Amino acid sequence: MQDSETLTGWPGEGADEERPAGSREKGLNRVLNMLEFLHANQRAIGIGELAKRLNAPRSTTYTLVRELVEAGLLEMAGDGNRVYFGKKLYLYGMAYMRGNDLLRRGRQEVDALSRETGETSELCMLQSGRYTIIHSSPGTRPFRISSATGLQIPLPWTASGRLLLAGLDRGRIEAMVSEDDLVLPDGRKLLLDDFIDDIARARVTGYCVTSGLVDAYTKCLAAPVFSAPGTVEATMCLVVPIDTSGERTDELVAVLRERAARLSIS
């Protein structure tokens, strides 16, 4: 990490710290947009490009980045002009995990499920209108199925998405799903009506299985974790090869539902 003292002299240096309330609110929104953008892109980015992508003044972006670097929330990377998350955010995340009972127990269940089945296992939640992998544990197969903690995927692409939206009315679902979300990675487009039918079906069956949506080689098995009766807080899922037999799939679904029920609040 580049020492924060080297950041003096950036555009905006020496700006008046006493900013009006409206200016502070606008600055906070820009910080939140910046963090959301870095999370969505999962890579360090040049500060000039960051300002451009966020449609924010370059000098303001430099000032905010400098302040966040000094606070330890961001760090400079590579040639010193690219920025990414800092260690303090990691520590905040660890504190959140220790204080969140569902997440703490969920991580343990996911790791145990992966060891028992040999398959890639995940704990997933809804975050910013996206299916988000909160914790992932790789299987023991010779080839690794792509799965990364923090990865966000459009809801219609996943089995978990159909469960996470179970119980919501059509209007709320439409507000959370854009036209782009319905376009799969291979270019196929799902029909919104079909997606909503899948949600209703998943709510009734208590699980969901999808095949060949994110890629042509895997299928996803998901079961709901409830924070209250009828309220889906998270899902546990397994990502398996698409040629997994029907019998084996049924066995895995049964195990998955039992483990998800163990996490749920009755």
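The structure this text deals with has already been given above.
Residues numbered from 1 in each chain as written. Predicted model: local features only at pLDDT ≥ 70, side-chain atom pairs only at ≥ 80, totals over all residues. Heavy atoms only, no water.

1. Describing the packing of helix α5 (residues 101-117) against helix α9 (residues 246-263)
For any two helices packed against each other, one specifies the crossing angle of their axes together with the interaxial distance. What counts here: To get an axis, fit a line to the C-alpha atoms, keeping to the stretch in contact for a helix; angles then go from 0 to 180 degrees between the N-to-C directions. Numbering of helices and strands runs from the N terminus; a helix is a DSSP stretch of H or I covering at least four residues, while a strand is a stretch of E covering at least two. Any angle that falls under 35 degrees is termed roughly parallel, while one over 145 is termed roughly antiparallel, one within 65 to 115 roughly perpendicular, and all others oblique. Left-handed is the label given to a crossing in which the near helix is rotated counterclockwise from the far helix by less than a right angle, and right-handed is the label when the rotation is clockwise. Note on contacts: a residue pair is in contact if any heavy atoms of the two residues lie within 4.5 Å.
Viewed as axis vectors pointing N to C, α5 and α9 meet at an angle of 155 degrees, and their least axial separation amounts to 10 Å. Put simply, α5 runs roughly antiparallel to α9. For the pair α5 and α9, the crossing hand works out as right-handed. Counted together, L102, R105, G106, E109, A112, L113, E116 and T117 of α5 and R248, L252, V255, L256, R259, R262 and L263 of α9 form the full contact between these two elements.

2. Remarks on the side chain of S114
What counts is decided by this rule: Polar contacts here mean pairs of N or O atoms no more than 3.5 Å apart (in protein, one a potential hydrogen donor and the other a potential acceptor; neighbouring residues in sequence count only if both atoms are side-chain atoms).
On the secondary structure map, S114 appears in helix α5. At a separation of 3.4 Å, a polar atom in the side chain of S114 contacts the main-chain carbonyl oxygen of S137. Dropping the residues within four chain positions of it, S114 is found in contact with E119, S121, S137, P138 and G139.

3. Quick notes on the sheet that holds strand β3 (residues 82-85)
Formally: Note on pairing: DSSP must find at least two bridges between two strands before they are called paired.
Here we have 3 strands laid out as an open sheet, ordered β1-β3-β2, and antiparallel in their pairing. The open sheet terminates on both sides in strands that have one partner only, identified here as β1 (45-46) and β2 (74-77). Looking at chain direction, β1 and β3 are connected through 2 bridges and run antiparallel. In the strand pairing of β3, I45 is matched with V83. With respect to the sheet, helix α3 (residues 58-70) is in contact with β2 and β3, its orientation differing from that of β2 by roughly 105 degrees.

4. Things to note about unusual backbone geometry
Not every positive phi belongs to a glycine, and Q42 is a case in point at roughly 55 degrees. In this structure, Q42 sits in the loop between α1 (21-41) and β1. We note that N55 has phi near 55 degrees; this positive angle belongs to a residue other than glycine. Relative to the assigned elements, N55 resides in the loop between α2 (47-53) and α3.

5. Notes on the pairing of β3
Strand residues, when the strand is regular, have side chains that alternate between the two faces of the sheet. With 4 bridges connecting them, β2 and β3 associate as antiparallel partners. Pairing of L74 across the sheet is with F85, part of β3.

6. Things to note about α9
Operational definition: The span one expects for a helix is its residue count, reduced by one, times 1.5 Å. Relative accessibility thresholds used throughout: buried, under 20% of the residue-type maximum; exposed, over 50%; partly exposed, between the two (1.4 Å probe, protein chains only). Here the arc refers to the directions that run from the helix axis out to each C-beta atom.
Counted at 1.5 Å a residue, the expected span for α9 with its 18 residues is 26 Å, and the 26 Å between its end C-alpha atoms agrees. Burial in α9 covers these residues: T249, L252, V253, L256, R259, A260 and L263. All buried residues of α9 project into a common sector of 135 degrees when viewed along the axis, lining one side. Opposite the buried face of α9, at more than 90 degrees from it, the exposed residues are E247, D250 and A261. In this fold, the buried residues of α9 make contact with α5, β4 (120-127), β7 (208-211), β8 (218-228) and β9 (231-241).

7. Looking at the packing of helix α4 (residues 87-99) against α5
Selection rule: We call Asp, Glu, Lys and Arg charged. Ala, Val, Leu, Ile, Met, Phe, Trp, Tyr, Cys and Pro are nonpolar, and the rest, Gly among them, are polar.
Between α4 and α5, whose axes approach to 5 Å, the crossing angle comes to 90 degrees. The angle between the axes of α4 and α5 places the two elements in the roughly perpendicular class. The segment α4 lies against α5, with Y96, M97, R98 and G99 engaging D101, L103, R104 and R107. Across the contact of α4 with α5, the residue classes break down as 3 nonpolar, 1 polar and 4 charged.

8. Considerations on the pattern of salt bridges
Inclusion rule: We define a salt bridge as a side-chain nitrogen of Lys or Arg found within 4 Å of a carboxyl oxygen belonging to Asp or Glu.
Summed over all chains, the structure comprises 17 salt bridges. The partner of R259 in a salt bridge is E258, and the shortest N-O contact between them spans 3.0 Å. According to the relative accessible area criterion, R259 is buried, its value standing at 9%. Assessed through its relative accessible area of 38%, E258 is described here as partly exposed. Across the pair R262 and E258 runs a salt bridge whose closest N-O atoms are separated by 3.6 Å. One end of the pair, R262, and the other, E258, are both in helix α9, 4 residues apart, so they sit about a helical turn from each other.

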